[in-house]
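Spelled out from the first residue to the last, the chains are:
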Amino acid sequence: MASSAPPFDVGRLTHDLRAGDRTALSRAITLIESKRADHRRTAAALTQALLDATGRAVRVGITGAPGVGKSTTIDALGSMLTAQGRKVAVLAVDPSSRRTGGSILADKTRMARLANDANAFIRPSPASGTLGGVAAKTRETMLLCEAAGYDVVLVETVGVGQSEIAVADMTDFFLVLMLPGAGDELQGLKKGVVELADMIAVNKADGDNVARAKAAAAEYRAALHILSPRSPNWSPPVVTYSALTGEGIPELWAKVLDHRDRLTASGELTARRGEQQVKWMWAMLEERLFAPFRSDRTLKAALPRIEAEVAAGKLAPATAVEEIVGMLGR
Ligand SMILES: Nc1nc2c(ncn2[C@@H]2O[C@H](COP(=O)(O)OP(=O)(O)OP(=O)(O)O)[C@@H](O)[C@H]2O)c(=O)[nH]1
Ligand SMILES: [Mg+2]
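Residues numbered from 1 in each chain as written. Chains lettered and ligands numbered in written order. Predicted model: local features only at pLDDT ≥ 70, side-chain atom pairs only at ≥ 80, totals over all residues. Heavy atoms only, no water.

1. Here's the deal with helix α11 (residues 249–266)
Note the threshold: Helix numbering and strand numbering both begin at the N terminus, where a helix is a DSSP run of H or I of at least 4 residues and a strand a DSSP run of E of at least 2. An expected span of 1.5 Å times one less than the residue number is assigned to each helix. Burial here depends on accessible area, computed with a 1.4 Å probe over protein chains only, as a share of the maximum for the residue type. Under 20% is buried, over 50% is exposed, and the range in between is partly exposed. To be clear, the arc concerns the directions from the helix axis to the C-beta atoms. In what follows, a contact means two residues having at least one pair of non-hydrogen atoms within 4.5 Å.
Compared with an ideal rise of 1.5 Å per residue, which puts 18 residues at 26 Å, α11 spans 26 Å between its outermost C-alpha atoms and is within 8% of the ideal. Every buried residue of α11 is accounted for by Ile249, Leu252, Trp253, Val256, His259, Arg260 and Leu263. The buried side chains of α11 occupy one side of the element, clustering within an arc of 110° when seen end-on. Exposed residues lying more than 90 degrees from the buried face of α11 are Glu251, Asp261 and Ala265. Looking at the packing, one finds that the buried side of α11 touches β1 (58–64), α4 (70–83), β4 (152–158), β5 (173–178), β6 (199–202) and α12 (268–295). Just beyond α11, the residue with positive phi is glycine 267, at close to 85°.

2. A look at the sheet that holds strand β3 (residues 120–122)
The condition is simple: Only strands joined by at least two bridges in the DSSP assignment are considered to pair. Lines fitted to C-alpha atoms define the axes here, with helix axes fitted over just the stretch in contact, and angles between the N-to-C directions of these axes take values from 0 to 180 degrees.
Taken in spatial order, the seven strands line up as β3-β2-β4-β1-β5-β6-β7 in an open sheet, and their pairing is parallel. Edge positions in the sheet fall to β3 and β7 (238–240), since each has one partner strand and no second. Neighbour to neighbour, the strand axes of the sheet diverge by 25° on average, direction disregarded. Examined bridge by bridge, strand β2 (residues 88–93) and β3 share three bridges and lie parallel to one another. Considered in β3, the bridge of valine 88 is made with alanine 120. Of the strands in this sheet, β5, β6 and β7 touch helix α10 (residues 210–225), which is tilted by about 175° from β7.

3. Quick word on the packing of α4 against α11
Under the convention used in this document: Working definition: roughly parallel below 35 degrees, roughly antiparallel above 145 degrees, roughly perpendicular at 65 to 115 degrees, and oblique for all remaining angles. Here the nonpolar group is Ala, Val, Leu, Ile, Met, Phe, Trp, Tyr, Cys and Pro; Asp, Glu, Lys and Arg are the charged ones; every other residue, Gly included, is treated as polar.
For the pair α4 and α11, the least separation of the axes is 10 Å and the interaxial angle reads 75°. Comparing the axis directions of α4 and α11 gives the class roughly perpendicular. Here Ala76, Leu77, Met80 and Leu81 of α4 lie close against α11, whose contacting residues are Ile249, Pro250 and Trp253. Of the residues belonging to the contact of α4 with α11, the class tally is seven nonpolar, no polar and no charged.

Encoded structure:
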């Protein structure tokens, strides 16, 4: 944000955002993503003011290897939902530099229908920073979208590492997309990810791929069987579908709603969200407390020396901690 930009008027922004104004929503997200300390305080005031309007959306996390069809799926699913009268927000968590300007454009063309849909709002991943920082901003953005009346939030992430945990921790339902691969299905089935999955969906079940997709689904079903499920109220199903033809997309969504009904009835949804909120509080606090390690030049310059001295046995770890904390407190 350029310093010449007008100051944020929280009252006005809150009002316009609650009315579903897209410009206000974009502006609020810019505020959330800003690194300026005064903006951060304004952003916190804004999320607090909107808190009663949040929490109403169906929150779905979507992951899968590059090329599995996440964007195509989101386009097909999202358009089906807006046609049903829902408002759909699409967010992403991608802390890698993979998503440059070019691939945001590529994503928009892969989501051509949604990109031109008045009832859809697409926001790419916050550009840079640590996973913790990027995920925190996406989560705050999700709350803003809910306050603006979006009742389905789809959060996409790439099928690598910690970002999947972060997305599973901010959503109600975690959808893992797979390809109808030949023989390597179980190899691609990373245990950590499958343990997070509320459903595995094998995409591209069209044309020549149908039989292979069904075979892959059967293998996943067998594999899921031996894992203990994430929830006592839900056994993760395995389905096949085609984002290209749209076949199986309504059934896929029906599973999401079925899951929601069951977890609502058992009270698990409320409990899970409560736990998530607390987790997020700690994650944000950690992020904030560690910020000086990334931004304080003196500290950043001193750390390699301190580390080297600790490694060489010249400085006791406890003494090093005292020194670092002393620098933090300056
Ligand atoms: N046959 C077939 N092709 C599909 C289907 N879904 C996606 N594709 C194709 O697969 C390719 C990748 O699709 P994307 O939706 O861009 O995949 P993605 O997972 O978003 O990829 P990244 O964003 O790069 O991680 C494109 O060429 C799509 O047209 C499907 O259901 N059937
Ligand atoms: Mg994509």
